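Understanding the architecture of this molecule
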Amino acid sequence: MDDTSQGSVQRRKVTEVACVTSLRRVVIACAASLLLYAAVTALVLDHPLSNGFLRNQLDARLDRGAATAGPKLVILAGSNGPYSHRCATIAPTLGRPCINAGVAVGIGLDYLFMRWKPLLHPGDTVYLPMEEAQYPRARAETALGPDASIMLRHDRITLAALPPDRWAGAVFSTDLRGAMLGAIEMALVAGAFHDPRAAATGETNAWGDHIGHTPGLSESSVAVLAATRPHHPTAAQIRDGYGTTLIIGFIGWARGHGVRVVGGLPTGFIDSPAPDDAIAAIRAVYVAHGADFLELPNRSRYPRLAFFDTPEHLNEAWQIIHSVAVADGLVEILRDGVPRRGLAMAPTPAATR
Amino acid sequence: MLFHSQAFILGFLPLALAGFFLLGRLGGRAWALAWLLAASLFFYGWWNPRLVPLLAGSIAANYWLGQRILRHAQSGHATPARRWLIAGITCNLALLGWFKYADFLLHIAAPNAPLLSIFLPLAISFFTFQQIMFLVDSARQQRADTDVLTYATFVAFFPHLIAGPIVRPRYIIPQLLAPDIAVLRAATLTDGLLIFLLGLAKKLVLADTFGGFSDTGFAAPAPTFVEAWYAVLAYSLQIYFDFSGYSDMAIGLARMMNVRFPLNFASPYQARNIAEFWRRWHITLGVFLRDYVYIPLGGSRSGETRRAVNLLATMLLCGLWHGAAWRFVLWGGLHGTFLVLHTRSRVALPRPIAQALTLIAVVVAWVPFRADGLDAALAMLRGMAGLSGIALPKMIVQALPLLGEFATPVPLLPYLGDARTLSFPEVSACLVLGWFIVLALPHVHELSERTRGWALTAGFAFSVQALFFAPHVAPFLYFRF
């Protein structure tokens, strides 16, 4: 081999080495990015105000559930649970302890059920006035809810018990906005920031009920409520939804463990009701799988003035009215042990006016 | 098919690359180009297969015209070459006009007439301009003779087919004619991959984040001062990251296949005057407009008044090219006016002031561009001027009581982010990050390989998050144009 060809071979080798190095650098950068992201989201980044609030709410209710002896009523839903239902009103009527265990519509039902199952015992009753959006919620969306980063950061035991898509969702639940918000929340908490939400929306009592959300506090939401056009999922979306699948699975588990499940309707605007077939689909989720279903004569619909800030949140006065009706309905259902629909007391005409 | 979709990244791209290099190795350049053309037509047909014949027909007709014009020009027959050129440009513009501007013109001529509601074929603005360049370059003899396969591959080449860059035939066709075009080179493949991934991060991580903020702000019927400015600042970042991200992806994809595209964005918001902005923003469109509209109109050769008219006409056309609506014409008119003012200005401002003024002019001009109509643009401008009130979250006013002197404290701003208690600091922090990137950092193509590696480390995981876990994929803004 002459000098020229030797030089050419050498140059080619140098180029190949440079290419491999360059490619390796890209791969290393990608891998480092993933590792760094996973480490930061799992070990460092937190959302002490937004997710922390939800986690505290969830844990407080679970603690109460664990401390409650004897047959109890547990209300599981989204935030409509604590805002529109009042265990403090329902429990005396029902004659059994009650825990208002809904937290937020974004919390995955699989996570919620997983946390509550160990605390449910034969004789307990679970009332599920799920928000309409909880039925059709997609599996991918469920995997990215606030509970994903809560589990990744604070509850890896529950996360490990969930399917692998939930692990991936938990690891990759933080986008740029989430990361920025997390850093801001951590800085605010470190700076002893006073969370203004309690003063703006009310607070939570020992039963888990949201209280103090008076019409006076909701004045700034009146215009928003007047303009709100609720979205109602279709009957097909409810039937085929991933949330529905999770609820049916929970009903099956409850039947096997002597826990009684009663479905219900969420609250909503009287002037924008869910279609009849959608309500029938919700009813079927429960009745067709051996659970009871409580359907108030007014189908939990109220005038817009009864609401606090969203169609799922009654204000405090109407929360009590609705809870009286729910309590009466549950008494009817639980008294004779057979599902009876439409028997509950309707709110008085004066109240619904 | 979107560059930032799973179907493209996990399916189309690996197959297109593998076929290109494999056929290049086994059958040579022609087979590789044939594969590339087929892949590009498949890519185009993914949205609507019925439009593939339109693209193919346009390519065939323009090739035939271009060859005819070139032959006449080479034989010294200038008059027939010019006639064919005029016929070719007219046909291309007629096609574009029919699909893109028929309803707009009809509405001007007969406001009460029912709209034709013609479906706008994807990328027609881009492939029409691309082919007009080919015809003009043929008449000017500024391109090499080429076969139909190379020409068709040049026009349909999927990295630039949908939203540019608008590349000159004489720049790309010689690259496609190179015998070793389909030889796998690890260096260019890696380089292209890196640029593509950085563009992907710009789009998925940055553009879509700011897009969420601007969508909320522009939905406000009467945004207050902070909501309006935040929406416009967010949109300015969205459109930059979206389009420059797309351009980087296109440049990266082409680079993987041994084709070099020209730079399309060079830190435009760092420009010190509006003329410099147009030398940095959508550079290939600017070059096209300069070489094929402004200079043929007379450019600056016939006095200041004529120059001003030429600038205004060019920029009005630029606005109209972006969309058949008055708000785009207004945007183009504003930029034309800025350019005229700039050419007449004799004041030398200090760099920071010049840059700030340029930036404010560009940002304000985005308002009609983004707003849903002229009324919405006016509402946004009123908000930016403080005429719809100045409101700030109560928690901010409590923390900084001085702000209470001129701002009304409110529980939350309904058109800022997700209208949550912490939306104000959240959006503020994101905007600071975004503007820091565009104002203080060099653009992707100026970065060293090592720095690009760091940038990839910062953004890749977020890209994966957005690509596989985000609830929806937002299309590129320039797909509409």
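Residues numbered from 1 in each chain as written. Chains lettered and ligands numbered in written order. Predicted model: local features only at pLDDT ≥ 70, side-chain atom pairs only at ≥ 80, totals over all residues. Heavy atoms only, no water.

1. Quick notes on the overall build of chain B
The condition is simple: Helix and strand labels come from DSSP, where a helix needs a run of H or I of at least four residues and a strand needs a run of E of at least two; each type is numbered from the N terminus. Taken over C-alpha atoms, the radius of gyration is set against a globule rule of 2.2 Å times the number of residues to the power 0.38. Burial classes follow relative accessibility: with a 1.4 Å probe on protein chains only, a residue under 20% of its type's maximum area counts as buried, one over 50% as exposed, and anything between as partly exposed. A contact between two residues is defined here by any heavy atoms of the two lying within 4.5 Å. Note that accessible areas follow from Shrake-Rupley with a 1.4 Å probe, and for residues the cover is restricted to the protein chains shown. Charge assignment: positive for Lys and Arg, negative for Asp and Glu; neither His nor the chain ends contribute. Lys charges are placed at NZ, Arg charges at CZ, Asp charges at CG and Glu charges at CD.
When helices and strands are tallied, chain B shows 19 helices and two strands. Taking 2.2 N^0.38 as the reference for a compact globule, 481 residues should give roughly 23 Å; the C-alpha atoms of chain B span a radius of gyration of 24 Å, in line with that estimate. Across the 481 residues in chain B, those meeting the buried criterion constitute 57%. Look at the contacts in chain B between residues 6 or more apart in sequence, and 75% of them connect residues 24 or more apart. Total accessible area computed for chain B in this model is approximately 19800 Å², and 67% of it derives from carbon and sulfur atoms. When the 35 basic and 21 acidic side-chain charges of chain B are each reduced to a single mean position, those positions are 9 Å apart.

2. A short note on helix α19 (residues 449–469) of chain B
Inclusion rule: To estimate how far a helix should extend, the number of its residues minus one is multiplied by 1.5 Å. To obtain the bend at a residue, axes are fitted to the seven residues ending there and to the seven starting there, and the angle between these axes is taken.
The end-to-end C-alpha distance of α19 of chain B, which contains 21 residues, comes to 29 Å, matching closely the 30 Å that a straight helix rising 1.5 Å per residue would cover. Bending of α19 of chain B peaks at approximately 35° at the position of G459 of chain B.

3. Some points on the interface of chain A and chain B
One frequent convention defines the size of an interface as the accessible area lost when the parts assemble. Just so we agree on the cut-off: Here the buried area means the combined drop in accessible surface, using a 1.4 Å probe, for two parts upon being joined, counting both sides. Criterion for a salt bridge: a side-chain nitrogen of Lys or Arg within 4 Å of a carboxyl oxygen of Asp or Glu. In protein, a polar contact means a hydrogen-donor-capable atom and an acceptor-capable atom, both N or O and within 3.5 Å, with residues adjacent in sequence counting only if both atoms are side-chain atoms; elsewhere, any N or O pair within 3.5 Å suffices.
Contacts between the two partners involve 31 residues from chain A, matched on the other side by 34 residues from chain B. Across the interface of chain A and chain B, roughly 2800 Å² is buried in total on both sides, 78% from carbon and sulfur atoms. Linking chain A with chain B are one salt bridge, by the criterion used here. R177 of chain A is paired through a salt bridge with E426 of chain B; the nearest N and O atoms lie 2.9 Å apart. For the interface between chain A and chain B, the tally reads four residue pairs in polar contact (both at pLDDT 80 or more). Contributions of two or more residues to the side of chain A that touches chain B are made by α1 (3–44), α9 (164–171) and α10 (176–190) of chain A. Residue contributions to the side of chain A that touches chain B peak at 11 residues, all from α1 of chain A.

4. Regarding the domain arrangement of chain B
Residues and elements named next belong to chain B. Applicable threshold: Throughout, the edges of the domains are those of an automatic or database domain assignment. In the scheme used here, Gly and all other residues not listed as nonpolar or charged are polar, with Ala, Val, Leu, Ile, Met, Phe, Trp, Tyr, Cys and Pro taken as nonpolar and Asp, Glu, Lys and Arg as charged.
Entries for chain B in the domain assignment read domain 1 (6–184) and domain 2 (189–480). Listed by partner, the interface residues are 43 residues for domain 1 and 36 residues for domain 2. Taking both sides of the interface into account, the surface hidden between domain 1 and domain 2 amounts to around 3400 Å²; carbon and sulfur atoms contribute 74%. For the domain 1 face of the interface with domain 2, the top three residues by lost area are F104, F129 and P165, together amounting to 16%. The interface formed by domain 1 and domain 2 holds one salt bridge in total. With a closest N to O distance of 2.7 Å, D291 and R168 form a salt bridge. If you look at where domain 1 meets domain 2, you find 12 residue pairs in polar contact (both at pLDDT 80 or more). Secondary structure elements with two or more residues in the side of domain 1 that touches domain 2: α1 (6–27), α4 (78–109), α5 (124–139), α7 (158–161) and α8 (169–177). Among the elements that take part in the side of domain 1 that touches domain 2, α1 stands out by supplying eight residues, more than any other. Residues belonging to the side of domain 1 that touches domain 2 are distributed by class as follows: 33 nonpolar, five polar and five charged.

5. Digging into unusual backbone geometry
You will see that S300 of chain A, though not glycine, has its phi angle at about 60°, which is positive. Inspection of the secondary structure puts S300 of chain A in the loop between β8 (292–294) and β9 (301–302). Even without being a glycine, S267 of chain B presents a positive backbone phi close to 45°. With respect to the helices and strands, the residue S267 of chain B is situated in the loop between α10 (225–256) and α11 (274–280).

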